[in-house]
Number of protein chains: 2
Amino acid sequence: MNLLELAKKRKTVRKFDSKMPSFEDIKYAIEVAKEAPSGKNDQPWLYVLIKDDNRKKEIRKICEKGEKTFYDNSKGELREWLDKMGFSWEKPFLSEAPYLLFVYSNMKSPFSKESVWISIGYLLLALEEKGLATVTYTPSNFNEISNYINLSKEYKLEVILPIGYSIDPKPKYKRKDIDDVLIIK
Amino acid sequence: MNLLELAKKRKTVRKFDSKMPSFEDIKYAIEVAKEAPSGKNDQPWLYVLIKDDNRKKEIRKICEKGEKTFYDNSKGELREWLDKMGFSWEKPFLSEAPYLLFVYSNMKSPFSKESVWISIGYLLLALEEKGLATVTYTPSNFNEISNYINLSKEYKLEVILPIGYSIDPKPKYKRKDIDDVLIIK
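Only a predicted model underlies this, so the values are computations on that prediction, with no experimental measurement involved. (Residues numbered from 1 in each chain as written. Chains lettered and ligands numbered in written order. Predicted model: local features only at pLDDT ≥ 70, side-chain atom pairs only at ≥ 80, totals over all residues. Heavy atoms only, no water.)

1. Re the overall build of chain A
Phase 1: Across its full length, chain A holds seven helices and five strands.
Phase 2: Secondary structure elements in chain A, listed N-terminal to C-terminal, are α-α-β-α-α-α-β-α-β-α-β-β.
Phase 3: Against the compact-globule benchmark of 16 Å for 185 residues, chain A has a radius of gyration of 17 Å, which places it among compact chains.
Phase 4: Overall, chain A is about 45 × 40 × 35 Å in size when its C-alpha atoms are taken along their principal axes.
Phase 5: Burial statistics for chain A: of 185 residues in total, 55% are counted as buried. (Helix = DSSP H or I, 4+ residues; strand = E, 2+ residues; numbered from the N terminus. Rg over C-alpha atoms; globule rule 2.2 N^0.38 Å. Buried < 20%, exposed > 50% of the residue type's maximum accessible area, 1.4 Å probe, protein only.)

2. Brief notes about the relation of the copies chain A and chain B
Phase 1: Once turned by 180° and shifted 0.0 Å along the axis, chain A lies on chain B with an RMSD of 0.0 Å. A rotation of that kind, with that shift, is consistent with a two-fold axis. (Least-squares fit on C-alpha atoms with pLDDT ≥ 70 in both.)

3. Quick notes on the pairing of strand β1 (residues 45-50) of chain A
Phase 1: Within β1 of chain A, six of the six residues are buried, which leaves the element mostly enclosed by the surrounding structure.
Phase 2: Here six bridges tie β1 of chain A to strand β2 (residues 99-106) of chain A, and the two strands are oriented antiparallel to one another. Residue pairing across strands places Leu49 of chain A opposite Leu101 of chain A, the latter belonging to β2 of chain A.
Phase 3: As paired strands, β1 of chain A and strand β5 (residues 182-184) of chain B are joined by three bridges and run parallel to one another. Looking at the pairing, Leu49 of chain A lines up with Ile184 of chain B of β5 of chain B. (Pairing = 2+ DSSP bridges.)

4. What to know about the packing of helix α2 (residues 23-33) of chain B against helix α6 (residues 112-129) of chain B
Residues and elements named next belong to chain B.
Phase 1: Contact geometry of α2 with α6 gives a least axis separation of 8 Å together with a crossing angle of 145°. α6 is crossed by α2, and the crossing has right-handed handedness. For the pair formed by α2 and α6, the contact residues are Tyr28, Ala29, Ile30, Val32 and Ala33 on the first element and Ser119, Tyr122, Leu123, Ala126, Leu127 and Glu129 on the second. (Axes fitted to C-alpha atoms, helices over the stretch in contact; angles between N-to-C directions. Left-handed = near helix turned anticlockwise from the far one by under 90°. Contact = heavy atoms within 4.5 Å.)

5. Observations regarding the confidence of the model for chain A
Phase 1: Considering every residue of chain A, the mean pLDDT works out to 96; 100% of them sit at 70 or more.
Phase 2: Two summary scores accompany this predicted model of the complex, namely pTM at 0.97 and ipTM at 0.97. (pLDDT = per-residue confidence, 0-100.)

6. Concerning helix α3 (residues 53-73) of chain A
All names here are of chain A.
Phase 1: If you check α3, its first and last C-alpha atoms are 30 Å apart, about what 21 residues at 1.5 Å a residue would give, namely 30 Å.
Phase 2: Listing the buried residues of α3 in full gives Lys56, Ile59, Ile62, Cys63, Glu64, Gly66, Glu67 and Tyr71.
Phase 3: Residues of α3 that are buried make contact with β1, α4 (76-84), α5 (93-96), β2, α7 (142-149) and β4 (155-164).
Phase 4: The residue sitting at the N-terminus of α3 and contributing the capping side-chain oxygen is Asp52; that oxygen lies 3.2 Å from the backbone nitrogen of Asn54. (Expected span 1.5 Å × (residues − 1). Polar contact = N/O pair within 3.5 Å; in protein donor to acceptor, adjacent residues only side chain to side chain.)

7. Some words on the pattern of salt bridges
Phase 1: Within the structure shown, the criterion is met by 28 salt bridges over all chains.
Phase 2: Note that Asp42 of chain A and Lys40 of chain A form a salt bridge whose closest N and O atoms lie 3.8 Å from each other.
Phase 3: On the basis of relative accessibility, which here comes to 25%, the residue Asp42 of chain A falls in the partly exposed class.
Phase 4: Note on Lys40 of chain A: relative accessible area 19%, which makes it buried.
Phase 5: With a shortest N-O distance of 3.4 Å, Asp53 of chain B and Lys56 of chain B are connected by a salt bridge. One end of the pair, Asp53 of chain B, and the other, Lys56 of chain B, are both in helix α3 (residues 53-73), three residues apart, so they sit about a helical turn from each other.
Phase 6: Overlapping salt bridges, with partners in common, bring together Lys113, Lys156 and Glu158 of chain A together with Glu114 of chain B in one network. (Salt bridge = Lys/Arg side-chain N within 4 Å of Asp/Glu carboxyl O.)

8. What about the sheet that holds β5 of chain B?
As a general point, the strands of a sheet are linked pairwise by backbone hydrogen bonds and lie either parallel or antiparallel.
Phase 1: Taken together, five strands build an open sheet; the order of strands is β3(A)-β4(A)-β2(A)-β1(A)-β5(B) and the sheet is mixed. Pairing within the sheet leaves two strands with one partner each, and these edge strands are β3 (133-134) of chain A together with β5 of chain B.
Phase 2: Packing of α7 of chain A onto the sheet brings it into contact with β1, β2 and β4 of chain A, and relative to β4 of chain A it is tilted by some 80°.

9. Quick word on the interface of chain A and chain B
Phase 1: Chain A puts 62 residues into the contact, and the matching count from chain B is 62 residues.
Phase 2: Overall, the association of chain A and chain B removes approximately 5900 Å² of surface from exposure, summing both partners, and the carbon and sulfur fraction of that is 66%.
Phase 3: Counting the contacts that link chain A with chain B gives eight salt bridges.
Phase 4: With its nearest N and O atoms 3.8 Å apart, the salt bridge here joins Glu35 of chain B to Lys8 of chain A. (Buried area = accessible area lost by both parts, 1.4 Å probe.)

10. Quick notes on the packing of α3 of chain A against α7 of chain A
Residue and element names in this part refer to chain A.
Phase 1: The interhelical angle for the contact between α3 and α7, taken along N-to-C directions, is 160°, at an axis separation of 9 Å. Relative to α7, the element α3 lies roughly antiparallel. Remark: the crossing between α3 and α7 carries right-handed chirality. Residues Arg55, Glu58, Ile59, Ile62, Cys63 and Lys65 of α3 lie in contact with α7, whose contacting residues are Glu144, Ile145 and Tyr148.
Phase 2: Residue composition of the contact of α3 with α7, grouped by class: five nonpolar, no polar and four charged. (Parallel < 35°, antiparallel > 145°, perpendicular 65-115°, else oblique. Nonpolar A, V, L, I, M, F, W, Y, C, P; charged D, E, K, R; others polar.)

Here you go:
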């Protein structure tokens, strides 16, 4: 399978089977991710892998508290879109996915955010290659959930990736045509 | 070749052959990039491809003006690193690479920066798959160079990717071991 086929196949997934993926597959995806380029080659990424059920439940509880506030305050076009898509403050994938992978950036490094999100791009494709699914979940209360993990202050939480096998029937959202995103000058 | 082999092979390149890559290969890489997930599926990316020699020369001139100021002002650890690596304000790759690909994010979209950098991650791997090389060049004077391209104000320039075949003898910089970037909790 070439990269275009892999990228087209890869979709965002929010419902996970309880079947535990092999740790080797998760490790493989991180081995790929850490090959990304980075500012000053600082490799400002840190990946924290969680599989303990109680810990995942606590994380879900903290995130859902933030989501409730976010949903209560969201209005207009965004709120309409959220309702239309069937999204709510409930994030069952945070306790149901076999793994949660927290991805951090070291804020002391130049272009740390950019570098870490390149690495997340690599990671998404590598998970897909192993038949694994995820969603780039960005909590509403980043600080609170970051405090729960309790890393050194220079690390900023960028995303939580729940990882497992998909049982999500939702199809991949459509992409624009290339002519709508590519300008030739 | 699996994704890990592809990612390990991919290195940052700053010296390019004058041989023109096929437009189909560039298009392929963008087809891959636009499959990335994005906040609200807004697909907030815009790719502007430039191959005109005079335009590339002008871009180089504007960027090097910014680089001169940056190098004059850079001190301490960063400056030592730049000198050690043999970097200077001169950016010949901006006129020598057959193509320049400007990547923009639409600031009106949620998580536009994150989404666009995932897409850049996809793009880097797709270029490598086609035997093409690039460097994620972030100019010091983003605003000035962005004005030169003259897109609508909501578009923010994230990176310039010079694209071509590598003639860069520099090896890939070493990556940390997985145990230094992965924490199991």
